[in-house]
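What follows is the residue order along each chain.
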There are 2 protein chains.
Amino acid sequence: MGLELATYLVRSGILATSDHTSVVSINLFVALLCACIVIGHLLEETKWMNESITALFLGLFTGVVILLTTQGKSSHILVFSEDLFFIYLLPPIIFNAGFQVKKKQFFRNFMTITLFGAVGTLISFFTISFGAIWLFKRMDIGDLDIGDMLAIGAIFSATDSVCTLQVLNQDETPLLYSLVFGEGVVNDATSVVLFNALRNFDLVHIESSALFKFVLNFFYLFVSSTFLGVFAGLLSAYIIKKLYFGRHSTDREVALMMLMAYLSYMLAELLDLSGILTVFFCGIVMSHYTWHNVTESSRVTTKHAFATLSFIAETFLFLYVGMDALDIEKWTLASDSPANSVGVSAILVSLVLVGRAAFVFPLSFLSNLTKRSPDEKISFRQQIIIWWAGLMRGAVSIALAYNKFTSSGHTQLRGNAIMITSTITVVLFSTVVFGLMTKPLINLLLPAHRHSSDNNSEPSTPKSLIAPLLSSLNGSDLEIADHPLNRPSSIRLLLTKPAKTVHFYWRKFDNAIMRPIFGGRGFTPFVPGSPIEQSVHGGD
Amino acid sequence: MGLELATYLVRSGILATSDHTSVVSINLFVALLCACIVIGHLLEETKWMNESITALFLGLFTGVVILLTTQGKSSHILVFSEDLFFIYLLPPIIFNAGFQVKKKQFFRNFMTITLFGAVGTLISFFTISFGAIWLFKRMDIGDLDIGDMLAIGAIFSATDSVCTLQVLNQDETPLLYSLVFGEGVVNDATSVVLFNALRNFDLVHIESSALFKFVLNFFYLFVSSTFLGVFAGLLSAYIIKKLYFGRHSTDREVALMMLMAYLSYMLAELLDLSGILTVFFCGIVMSHYTWHNVTESSRVTTKHAFATLSFIAETFLFLYVGMDALDIEKWTLASDSPANSVGVSAILVSLVLVGRAAFVFPLSFLSNLTKRSPDEKISFRQQIIIWWAGLMRGAVSIALAYNKFTSSGHTQLRGNAIMITSTITVVLFSTVVFGLMTKPLINLLLPAHRHSSDNNSEPSTPKSLIAPLLSSLNGSDLEIADHPLNRPSSIRLLLTKPAKTVHFYWRKFDNAIMRPIFGGRGFTPFVPGSPIEQSVHGGD
């Protein structure tokens, strides 16, 4: 399949990079990216727009312009390529998310996140699949079997974690951000397992052993992916700490961090694990250990360089989805029954809405049962936001849909064409409509006590004694380390007045064993400063 | 050709990225890059080795391992791809070189650099071409016509500017560095013109008008490429200054600088200009204007991120050349006459040596005639180093050779196969032997007065009055701006006690017109600091 796909890509001008066409398309894309940045900056003041929607619209607009100038022959310069997405665009985005995530918040809600991501995705999958089977059989939408229907369930259960990053704000609504984004990461692993499991499934003889195998497979995937990511992160920390990289060059440290993170992702892909989970945990470990072992310049550089790469990849992705949406071939094939297409898209959007509601509210209820203090519980208003903010479907859905319903980039069957166009419609609709409405919805539901609701997510009752200390340890390490003076005192205070939580025991273990080996805040090796650094900075 | 090439690449597994093979090869390459960084770091102490030669050896070693494990079937995982080289690897390397270059040194020697790069390359081209015509006609090396011989001249006139960066040290030998590296950049433009001109040349009817056309074409290329690069750099400076990007996000600034630099390169390629010249001047302008308009974090980030990207690209390149060197197909085709192959390679190395000597010494003599003070002249010892340090042939030669002597990646004719293997041999030999011997040679020729020779290159006689001021303005802006306190006073002093040179008038023009518009040292706009920045850094 890879070969056929590539041959097609060559024919359509993507991979023949020496070709004039591809130089043109690279120019166009880079110019559009620049335009997105400038326009996104100018629109920053408005509350509704964000960079992704700007990119989406700019992509659509460019698609229309190309469509008109080529007289309807082609609207896209690049056909959507799964590889471009999974190998180049996704890793920097997810790695950066792990690198900049507020770790404490994430780990405090770890159980809820896993519940939402794993069980929730399964509930959503079954809801959408059975809904599709039940609703689509009355419609004339070509030849789709039960396998296709289940695949539809998997495709539309995959939320768009990238879009979440843009819509929710980590500083304004940390609990919601960590829940929805964390769920998105786990969701991704679940979707991959689901989708691959469905491929190998014997749909005629479904046995209970298969279900057991599936659950086992999921656990294996989750644990081994996480382990790989943690291992890669710790290895990078150990190498940089032991070899005193900063002594010679800052660039080498940054390069090593980048390459090892990417290596962890690609290794996971090679071993058929979830690269997304791996690189996410690699980012977390790197920000916790490795980042503290490098020179000051490397810290600033990695923090911003990773964010920049992620930012470019995100913008590119939305631009790309926008431009790809107008691909003529699929639309002409599906256009002989426009009513059907609209109907299918509407049904799918409704199923997405229902499927998500079917797990967010029950699982929030379950999660609330385990929490004692009312402040730790997820309020109904917050549940609505969680439901709403995860409705967006994005590039993962498109990639899976292409994988399922096209063979080597072409859509021959009408049923398949309708599914592809519907996927694009759902993605565009959900990103634009749901995306645009998230910010106003948050302002509406959490208006006056927007900031107090943030504090709710912080430990205000049982650990109120050490709340002021924790607040300085609360964010990601990246933020705090910019105030190096705060560090020693807060660590000392934390050690003298500990709170007996799981997190406390972890921190004790971390300080006693992990940090002395792998470095980290307060345990950075003595780096005499690279000779170049010193001559440049006058010794820092 | 692009299509055929791509089809071939697909067959050989490069572009079918979804393929299992390519995931393996990405893993292998990234792992090897990590190994190169660690080994290169450990070998830093030794004077002889550098990262490029480590990468070359590691590439060769890996090639051997693959050759043995696949039982001689294939030694390479990626076939050398011109596009990978010209579209992805070269731009960051050359941009970073422009971004970090000591501008004053570069512009002071501008005439000499242009003389070496343009006239010198032509002399080298004619020497190698006629030498090859004269020597190869006695040998049995298949069917090579006069066009092939001239192409050989162009291929082996292209010096390896990347390798120069690694072998010479900008801080230790600034004059030599700027001469050899600057020559390399201009040389590149000349090689491209030469190579393209030869393709379109009617070799039977060579007229004087064609020569005139060639000269005209070269000037057009040089001026328009430079203009495009300067324009892109100024545009980025203007946009960032006018829109106060720092107000919202550091990442946006960094992304915009990266993307605009890359856009300038790709635009130059689109317009058939020399992308290398363009991106080099774009780097210079960006470091002179744009870099001063961004936030402090962006400055640190761009400085190190560009260096890191360039470092990764360089290392990858050498790894790649090393691995590609063992491609079986070419060697089996050429191996029926091993004596011939060795002979051809030896002749080519000698021609490279002679061809470079034929212009370095005469042109240095010419250049010295225009200099009055003995300290500004290029000493004979320095001439030897210039001659020696520019002997390395690298990826540009390989790319041109592949372009000329293979059709869609395959070498059918024996003569062509011999030329390809000889090119690889010359590249490996020159990089390893000449590369390894450059540092010892410099230590030998400029031993005690190594540092005084540096001072020779500085203005010690006519401008000795302002020498202490200039010394602080002498390096690249990037270095000085780390001492912000030096800035205002040195600028003021320079304005009150000017030296009447071209550089003085430029600086006057720069201060009066350019900097107020485009920003730059001392003319940065008031950036209130992005809200995020402030909360993180506590206000900088």
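Definitions and cut-offs
Residues numbered from 1 in each chain as written. Chains lettered and ligands numbered in written order. Predicted model: local features only at pLDDT ≥ 70, side-chain atom pairs only at ≥ 80, totals over all residues. Heavy atoms only, no water. Helix = DSSP H or I, 4+ residues; strand = E, 2+ residues; numbered from the N terminus. Buried < 20%, exposed > 50% of the residue type's maximum accessible area, 1.4 Å probe, protein only. Contact = heavy atoms within 4.5 Å. Areas by Shrake-Rupley, 256 points an atom, 1.4 Å probe, with all protein chains shown as cover. Phe/Tyr/Trp six-rings, centres within 6.5 Å; stacked < 30°, edge-to-face > 60°. Lys NZ or Arg CZ within 6 Å of the ring centre and 35° of its normal. Axes fitted to C-alpha atoms, helices over the stretch in contact; angles between N-to-C directions. Parallel < 35°, antiparallel > 145°, perpendicular 65-115°, else oblique. Left-handed = near helix turned anticlockwise from the far one by under 90°. Core = buried A, V, L, I, M, F, W, Y, C linked by side-chain atoms within 4.5 Å. Salt bridge = Lys/Arg side-chain N within 4 Å of Asp/Glu carboxyl O. Patch = residues over 30% accessible without salt bridge, like charges linked within 9 Å, V, L, I, M, F, W, Y side chains within 5 Å. pLDDT = per-residue confidence, 0-100. Polar contact = N/O pair within 3.5 Å; in protein donor to acceptor, adjacent residues only side chain to side chain. Nonpolar A, V, L, I, M, F, W, Y, C, P; charged D, E, K, R; others polar. Expected span 1.5 Å × (residues − 1). Bend = angle between axes of the 7 residues up to and from the residue. Disulfide = S-S within 2.5 Å.

S.K.: Residue-level account of the overall build of chain A, with values.
M.R.: Summing up its helical and strand segments, chain A has 24 helices and zero strands in all. A total of 540 residues make up chain A; the buried ones form 62% of that total. Long-range contacts, defined as pairs at least 24 residues apart, comprise 83% of the intrachain contacts of chain A with a sequence gap of at least 6. Of the roughly 21000 Å² of accessible surface on chain A, 68% is carried by carbon and sulfur atoms.

S.K.: Before we move on, can you summarise unusual backbone geometry with the specific residues and values?
M.R.: The phi torsion of most residues other than glycine is negative, and most of the peptide bonds are trans. In this structure, Asp272(A) is a non-glycine residue whose phi angle is positive, near 60°. Relative to the assigned elements, Asp272(A) resides in the loop between helix 11 (250-270) and helix 12 (275-293).

S.K.: Please give an account of the packing of aromatic side chains that cites residues and values.
M.R.: A full pass over the atoms with the stated rule returns 42 aromatic pairs over all chains. Taking 5.0 Å as the distance between ring centres and 65° as the angle between the ring planes, the aromatic pair formed by Trp388(B) and Phe434(B) counts as edge-to-face. One end of the pair, Trp388(B), is in helix 16 (residues 380-389); the other, Phe434(B), is in helix 18 (residues 414-445), with 46 residues separating them in the sequence. Note on accessibility: Trp388(B) and Phe434(B) belong to one class, buried. For the cation-ring pair, Arg299(A) lies above Trp291(A), with the distance from its terminal atom to the ring centre recorded as 5.8 Å.

S.K.: Before we move on, can you summarise the packing of helix 11 of chain A against helix 13 (residues 296-324) of chain A with the specific residues and values?
M.R.: All names here are of chain A. At a minimum axis distance of 10 Å, the contact between helix 11 and helix 13 shows a crossing angle of 40°. Considering the angle they form, helix 11 stands oblique to helix 13. For the pair helix 11 and helix 13, the crossing hand works out as right-handed. Judged by residue contacts, Thr250, Glu253, Val254, Met257 and Met258 of helix 11 engage Ser297, Ser298, Thr301, Thr302, Phe306 and Leu309 from helix 13.

S.K.: Kindly report on the nonpolar core, identifying the contributing residues and their values.
M.R.: Soluble globular proteins tend to bury their nonpolar side chains together. By size, the foremost hydrophobic cluster in this structure holds 283 residues, and its most contacted members are Ile152(A) and Ile152(B). What Ile152(A) contacts, discounting residues up to four positions off in sequence, is Ile128(A), Phe136(A), Leu348(A), Phe405(A) and Met419(A).

S.K.: Tell me about the pattern of salt bridges, residues and numbers included.
M.R.: Residue and element names in this part refer to chain A. A complete count under the given rule lists six salt bridges over all chains for this structure. Salt-bridge contacts for Arg299 lead to Glu296; the nearest nitrogen and oxygen are separated by 3.9 Å. Of this pair, Arg299 and Glu296 both sit in helix 13, separated by three residues, roughly a single helical turn. According to the relative accessible area criterion, Glu296 is partly exposed, its value standing at 41%.

S.K.: Would you mind going over a nonpolar patch on the surface in detail, with residue names and values included?
M.R.: All names here are of chain A. On the surface, a cluster of nonpolar side chains totalling about 430 Å² of accessible area is made up of Tyr238, Trp506, Phe509, Ile513 and Ile517. With four residues, helix 23 (residues 502-518) is the largest single contributor of residues to the nonpolar patch. By secondary structure assignment, the location of Ile517 is in helix 23.

S.K.: For the environment of Val279(A), give the residues involved together with the corresponding values.
M.R.: All names here are of chain A. With respect to the helices, strands and loops of the structure, Val279 is situated in helix 12. On the accessibility criterion, Val279 (1% relative accessible area) is buried. Once the C-alpha coordinates of Val279 and Thr21 are considered, the two residues, 258 residues apart in sequence, prove to be 34 Å apart. Contacts of Val279, omitting those with residues within four sequence positions, involve Pro91, Ile94, Phe95, Ala261, Ser264 and Tyr265.

S.K.: Give me the confidence of the model for chain A: which residues, what numbers.
M.R.: Any region with low pLDDT has predicted coordinates that should not be read closely. All names here are of chain A. Mean pLDDT over chain A stands at 74; residues scoring 70 or higher make up 72%. Counting contacts from residues 1-18, a segment whose pLDDT is below 50, to residues more than four positions away or on other chains yields 44 contacts. The low-confidence segment residues 527-540 (pLDDT under 50) makes 30 contacts with residues lying over four places distant or belonging to another chain.

S.K.: Outline the side chain of Ser422(B), supporting the account with residue identities and numerical values.
M.R.: Residue and element names in this part refer to chain B. Residue placement: Ser422 occurs in helix 18. With relative accessibility at 0%, the residue Ser422 sits in the buried group. Looking at Ser422, its side chain comes within polar contact range of the main-chain oxygen of Ile418, at 2.6 Å. Leaving out residues up to four positions away in the same chain, Ser422 has contacts with Ser341, Val344, Ser345 and Leu348.

S.K.: I'd like a description of the environment of Ser124(B), backed by residues and values.
M.R.: All names here are of chain B. Locating Ser124 in the fold gives a position in helix 6 (residues 110-136). Judged by its relative accessible area of 2%, Ser124 falls in the buried class. In the structure, Ser124 is positioned 29 residues away from Gly153 in sequence and 7.6 Å away in space, judged by C-alpha atoms. Residues contacting Ser124, with those up to four places away along its chain left out, are Ser157, Gly355 and Phe359.

S.K.: I'd like a rundown of the packing of helix 10 (residues 208-243) of chain A against helix 12 of chain A, residues and numbers included.
M.R.: All names here are of chain A. At a minimum axis distance of 7 Å, the contact between helix 10 and helix 12 shows a crossing angle of 25°. Taken together, the axes of helix 10 and helix 12 are roughly parallel relative to one another. The handedness of the crossing between helix 10 and helix 12 comes out as right-handed. By residue class, the composition of the contact of helix 10 with helix 12 is 13 nonpolar, eight polar and one charged.

S.K.: Quick one: what's the story with helix 6 of chain B, residue by residue and with numbers?
M.R.: With 27 residues, helix 6 of chain B should cover 39 Å at 1.5 Å per step; its first-to-last C-alpha distance of 37 Å lies within 8% of that length. Its maximal kink placed at Gly120(B), helix 6 of chain B deviates by approximately 30°.

S.K.: Quick rundown of the state of the cysteines? Include the residues and the values.
M.R.: Tallied over the entire structure, the rule returns zero disulfides over all chains. Cysteine Cys282(B) remains unbridged, with the sulfur of Cys34(A) as its closest cysteine sulfur at 10 Å. Here Cys282(B) falls in the buried class, since its relative accessible area comes to 0%.

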